[in-house]
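Below are the chains, spelled out letter by letter.
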Amino acid sequence: MSLDSFVIRGKKRASGGEVCSSETRGSGKKRKVEDVKSSDDKSQLPWKKLRAENLDLDYVRLYSKKEADDLLKELENALEYNTGHLARVQMFGKWIDIPRKQVAHGEAGLSYTFSGNTIPARPWNPALTRIRDYISSVTGFDFNFVLVNRYKDGCDYMGEHKDDEKDLVQGYPIASLSLGQPRDFYFKHQDSRGKNAARKIDIVKLELEHGGLLLMNPPTNQFWYHALPQRKKLGNVRINMTFRKMNPSVCKPVKQGISPK
Ligand SMILES: O=C(O)CCC(=O)C(=O)O
Ligand SMILES: [Fe+2]
């Protein structure tokens, strides 16, 4: 893969669509991308390293087109997504339907709390287990939880957020595998958000390809927000899986029927 397909340089991309009002654009400056030496312990894959202040990412095209096509098909058949209250989040005190579909799988008893909601892990299925184990073998990190997001087309999106919740093991990478429609993805430093930003720090943009694996290494999620913006002209499905290491719940289960003293 060429460096140019990793770093989004221009405002408009060939695959880009209608510009949405919430879209954020960077300076378009090319950032430094280093090849990781083949002696690196992340296997012999052609990883690309992307660095900025307190941002540390690794990216590789993990699956071939044929492998990624087959996996996407398998997951489309195997996965069922959350509905009802599990498909809602709280934004500025209001409950809204998430603009995509979502489900979590993982070890029994694990759950993920974010934006006012708690998503319980369903058991691992064969496809997710295979993908998890392959990612562990090439990264050297093990994961006990995966959050799956399905974007039916370019209208579905994920807003700016940091994956820094308390139930994540601190100092551990998050491995994000994408299948289907390639989509733009960006990182914005917390000090450079909003009109009254304290600093001006370039946005880091990349394209997440079919079969592409992005490792978000610490301390990235402490300092940088990330988002998958709308691209309304894109019509195809995309599935993203973020493999995570979660702490087992530290809270004791609530006893039913006993009122607090
Ligand atoms: O779909 C994506 O690539 C973004 C996923 C993500 O940021 C998340 O699940 O926290
Ligand atoms: Fe995220």
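Residues numbered from 1 in each chain as written. Chains lettered and ligands numbered in written order. Predicted model: local features only at pLDDT ≥ 70, side-chain atom pairs only at ≥ 80, totals over all residues. Heavy atoms only, no water.

> Looking at this structure, I do not really get the site of ligand 1. What am I missing?
Near ligand 1 you find 13 residues, and of these Tyr-151, His-161, His-226, Arg-238 and Arg-244 are the closest. Within the side chain of Arg-238, one N or O atom sits 2.8 Å away from an oxygen atom of ligand 1. Protein contact buries 99% of the 290 Å² of open area that ligand 1 shows by itself. Every element with two or more residues in the shell around ligand 1 is listed here: β9 (145–151), β10 (158–161) and β16 (238–244). The greatest single-element share of the shell around ligand 1, amounting to 4 residues, is contributed by β16. Among the residues forming the shell around ligand 1, the class breakdown is 5 nonpolar, 5 polar and 3 charged. (Near = heavy atom within 4 Å. Polar contact = N/O pair within 3.5 Å; in protein donor to acceptor, adjacent residues only side chain to side chain. Areas by Shrake-Rupley, 256 points an atom, 1.4 Å probe, with all protein chains shown as cover. Helix = DSSP H or I, 4+ residues; strand = E, 2+ residues; numbered from the N terminus. Nonpolar A, V, L, I, M, F, W, Y, C, P; charged D, E, K, R; others polar.)

> Is there a simple way to think about the coordination of the iron ion (ligand 2) in this case?
Any two of four tetrahedral donors ideally make an angle of 109.5 degrees at the metal, while pairs among six octahedral donors ideally make 90 or 180 degrees. Protein coordination at the iron ion (ligand 2) comes from His-161 (NE2), Asp-163 (OD) and His-226 (NE2), with a distance range of 2.0 to 2.2 Å. All donor residues of the iron ion (ligand 2) come from one chain, and their arrangement in sequence is H-x1-D-x62-H. Separated by 65 residues along the polypeptide, His-161 in strand β10 and His-226 in strand β15 (residues 224–228) bring together distant segments of the chain. Each member of the pair, His-161 as well as His-226, carries the same accessibility label: buried. (Donors = N, O, S within 2.8 Å, 3.2 Å for Na, K, Ca; no water. Buried < 20%, exposed > 50% of the residue type's maximum accessible area, 1.4 Å probe, protein only.)

> Whenever I open this one, the packing of aromatic side chains confuses me. Can you help?
Throughout the structure, instances matching the rule amount to 7 aromatic pairs. A centroid spacing of 5.5 Å and a plane angle of 55° characterise the contact between Tyr-63 and Tyr-134, whose relative ring orientation is tilted. Separated by 71 residues along the polypeptide, Tyr-63 in the loop between β3 (55–61) and α2 (65–78) and Tyr-134 in helix α3 (residues 126–139) bring together distant segments of the chain. Note on Tyr-134: relative accessible area 30%, which makes it partly exposed. Three or more aromatic residues joined by ring pairs make a cluster, and in this case those are Phe-141, Phe-143, Tyr-172 and Phe-243. (Phe/Tyr/Trp six-rings, centres within 6.5 Å; stacked < 30°, edge-to-face > 60°.)

> Would you mind showing me how to read the pattern of salt bridges here?
Any two side chains of opposite charge can pair, given that their charged atoms come close. Scanning the model with the defined rule gives 20 salt bridges in all. A salt bridge links Arg-130 to Glu-74, with the nearest nitrogen and oxygen atoms 2.6 Å apart. You can see Arg-130 sitting in helix α3 and its partner Glu-74 sitting in helix α2, a full 56 residues away along the chain. We classify Arg-130 as partly exposed; its relative accessible area is 44%. The exposure class of Glu-74 is partly exposed, given its relative accessible area of 29%. One salt bridge in this structure joins Asp-97 and Arg-88, with 2.9 Å as the shortest N-O distance. Residues joined in a network through salt bridges with shared partners are Lys-49, Arg-51, Asp-56 and Asp-58. (Salt bridge = Lys/Arg side-chain N within 4 Å of Asp/Glu carboxyl O.)

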